[in-house]
Amino acid sequence: MNPTAATRAAIRPHHHIVQSGVEPTAADRIRQAGRLLPRPEFEEALRTAGFARYHIHHPFHKLMNAGELTRAQLQAWALNRYCYQAAIPKKDAIILSRSEDPAFRREWRKRIVDHDGEDGGELDGGIKRWLKLAEDLDLDVDMVRERRYALPATRYAVGAYLDLVSSSSLLVAVASSLTELFSPVAIGERVPAMLARYDYITEDTLAYFKPRLHQAPRDAEHALSLVFEWADTPDKQADAIDALFAKCDILWAMLDALHHAYVTPGNIPPGAFTPPALV
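The rules we used
- Residues numbered from 1 in each chain as written.
- Predicted model: local features only at pLDDT ≥ 70, side-chain atom pairs only at ≥ 80, totals over all residues.
- Heavy atoms only, no water.
- Helix = DSSP H or I, 4+ residues; strand = E, 2+ residues; numbered from the N terminus.
- Rg over C-alpha atoms; globule rule 2.2 N^0.38 Å.
- Buried < 20%, exposed > 50% of the residue type's maximum accessible area, 1.4 Å probe, protein only.
- Areas by Shrake-Rupley, 256 points an atom, 1.4 Å probe, with all protein chains shown as cover.
- Lys, Arg positive; Asp, Glu negative; His and termini not counted.
- Charge placed at Lys NZ, Arg CZ, Asp CG, Glu CD.
- Salt bridge = Lys/Arg side-chain N within 4 Å of Asp/Glu carboxyl O.
- Expected span 1.5 Å × (residues − 1).
- Arc of directions from axis to C-beta.
- Contact = heavy atoms within 4.5 Å.
- Phe/Tyr/Trp six-rings, centres within 6.5 Å; stacked < 30°, edge-to-face > 60°.
- Lys NZ or Arg CZ within 6 Å of the ring centre and 35° of its normal.
- Core = buried A, V, L, I, M, F, W, Y, C linked by side-chain atoms within 4.5 Å.
- Disulfide = S-S within 2.5 Å.
- Axes fitted to C-alpha atoms, helices over the stretch in contact; angles between N-to-C directions.
- Left-handed = near helix turned anticlockwise from the far one by under 90°.
- Nonpolar A, V, L, I, M, F, W, Y, C, P; charged D, E, K, R; others polar.

A. Structural context of the overall build of the protein chain. In terms of regular secondary structure, the protein chain is built from 13 helices and zero strands. When the helices and strands of the protein chain are placed in sequence order, the string is α-α-α-α-α-α-α-α-α-α-α-α-α. Expected size for 279 residues packed as a compact globule is a radius of gyration near 19 Å; at 20 Å, the protein chain falls within 12% of this value. Judged by the C-alpha coordinates and their principal axes, the protein chain covers about 55 × 50 × 35 Å. Each of the 279 residues in the protein chain was classed as buried or not, and the buried ones make up 49%. Of the roughly 13,100 Å² that the protein chain leaves accessible, carbon and sulfur atoms contribute 51%. When the 33 positive and 37 negative side-chain charges of the protein chain are each reduced to one mean point, those points stand 2 Å apart.

See the structure below:
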């Protein structure tokens, strides 16, 4: 039996655990089968289940790639997404602090440098590059940094991510980062689409994304190797998939909030960023 067929057999849904018309997830099926998946099958389950929930499929993302967002809507996206970008090194510092393994900490801290940059070096860091994106979209950088003008749902979603890596097992915290497996796909679509369809966006505007094309795969492979090592029971394998789902839900919820506030029906919460074009 090839890995694809084996995985499907191992996590095939059972009719008695389908409730309220909701199909069991890949994690549910692993728990139900009670069998530790071999590494190729486990990896396939992670990649397949995670990509199905990745925010690349969200209507807001599709509108962006199609060139159908206004400058005001892109401003709202950049401002809100900054809340998430600014939290990434904090998230990684939390994960780093929870490990007793110096080798793990040495490898994981690369993520913090990627986003915060280094003093005296040429590396600006992802946060600085994201602020460049916001500035090129005619946003006030100080206002973006404040984060209080982001949507309430954005701030709550980011808080939920920090809580997830703080309060869950280290396995779950690491597995939640596996959305980076799919990041190059999103960037590979987003960057050429935006350059082609928004004449006020340049390669410098999107400078954040170029380093991520090699940083994200490097980080994903490291996290994946740890998940393979640590998830040594069916329940732990299911926990890893659920962690990936939780992270996908956080990213999806952020785009849901953007779409609801700035696309349709256009209900911007009190106190949130209101582009001049919408005033």
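B. Structural context of the pattern of salt bridges. Overall, the coordinates contain 19 salt bridges when judged by the stated rule. Residues Arg 35 and Glu 41 are paired through a salt bridge, measuring 3.1 Å at the closest nitrogen-oxygen approach. Among the salt bridges present, the one from Glu 107 reaches Lys 110, with a minimum N-O distance of 3.1 Å. Separated by three residues within a single helix, Glu 107 and Lys 110 lie in helix α6 (residues 102-116), roughly one turn from each other. Exposure remark for Glu 107: the relative accessible area of 24% places this residue in the partly exposed category.

C. Just helix α9 (residues 152-167), in detail. Here α9 contains 16 residues, and its C-alpha end-to-end distance of 22 Å stays within 8% of the 22 Å for a straight helix at 1.5 Å per residue. Of all the residues in α9, the buried ones are Thr 154, Ala 157, Val 158, Tyr 161, Leu 164 and Val 165. The buried side chains of α9 occupy one side of the element, clustering within an arc of 115 degrees when seen end-on. Of the residues in α9, the exposed ones pointing more than 90 degrees away from the buried face are Tyr 156 and Ser 167. Packing partners of the buried residues in α9 comprise α5 (71-97), α10 (170-175) and α13 (234-262).

D. Geometry of the packing of aromatic side chains. Throughout the structure, instances matching the rule amount to eleven aromatic pairs. Each ring, one from Tyr 54 and one from Phe 182, has its centre 5.5 Å from the other, and the planes form 55 degrees; the classification is tilted. You can see Tyr 54 sitting in the loop between α3 (39-53) and α4 (59-65) and its partner Phe 182 sitting in the loop between α10 and α11 (183-197), a full 128 residues away along the chain. Phe 182 carries the same exposure label as Tyr 54, and that label is buried. Ring pairing ties together the aromatic residues Trp 77, Trp 130, Tyr 208 and Phe 209, which thus form one cluster. One residue, Arg 71, lies across the ring of Tyr 200, its end atom 3.9 Å from the ring centre.

E. Layout of the nonpolar core. Residues Trp 77, Val 227 and Ile 241 are the most contacted members of the largest nonpolar core, which totals 87 residues. With 15 residues, α13 is the single largest residue contributor to this core.

F. Spatial organisation of unusual backbone geometry. The step from Thr 264 to Pro 265 runs through a cis peptide bond, and the omega angle for that step is 5 degrees. Considering the arrangement of structural elements, one finds Pro 265 in the segment after α13. The backbone of Asp 138 sits at a positive phi, close to 70 degrees, despite the residue not being glycine. Among the secondary structure elements, Asp 138 is positioned in the loop between α7 (126-136) and α8 (141-146). The class of Asp 138 is exposed, set by a relative accessible area of 55%. The phi dihedral of Arg 147 is positive, around 70 degrees, even though this residue is not glycine.

G. Molecular detail of the environment of Val 191. Note that Val 191 resides in helix α11. C-alpha of Val 191 to C-alpha of Tyr 262: the two residues are 71 residues apart in sequence and 22 Å apart in space. When residues no more than four places from it in sequence are discounted, the contact partners of Val 191 are Leu 206 and Phe 209.

H. Structural view of the state of the cysteines. Under the defined criterion, the tally for this structure stands at zero disulfides. Cys 83 forms no disulfide, and the closest cysteine sulfur to it belongs to Cys 248, at a distance of 20 Å.

I. Spatial organisation of the packing of α5 against α13. Two elements in contact, α5 and α13, have axes whose closest approach is 10 Å; the angle formed by their N-to-C orientations is 150 degrees. Of the two possible hands of crossing, α5 and α13 adopt the one that is right-handed. Note on element contacts: α13 touches α5 through Lys 247, Leu 251, Met 254, Leu 258 and Tyr 262, opposite Gln 73, Ala 76, Trp 77, Asn 80, Arg 81 and Tyr 84. By residue class, the composition of the contact of α5 with α13 is seven nonpolar, two polar and two charged.

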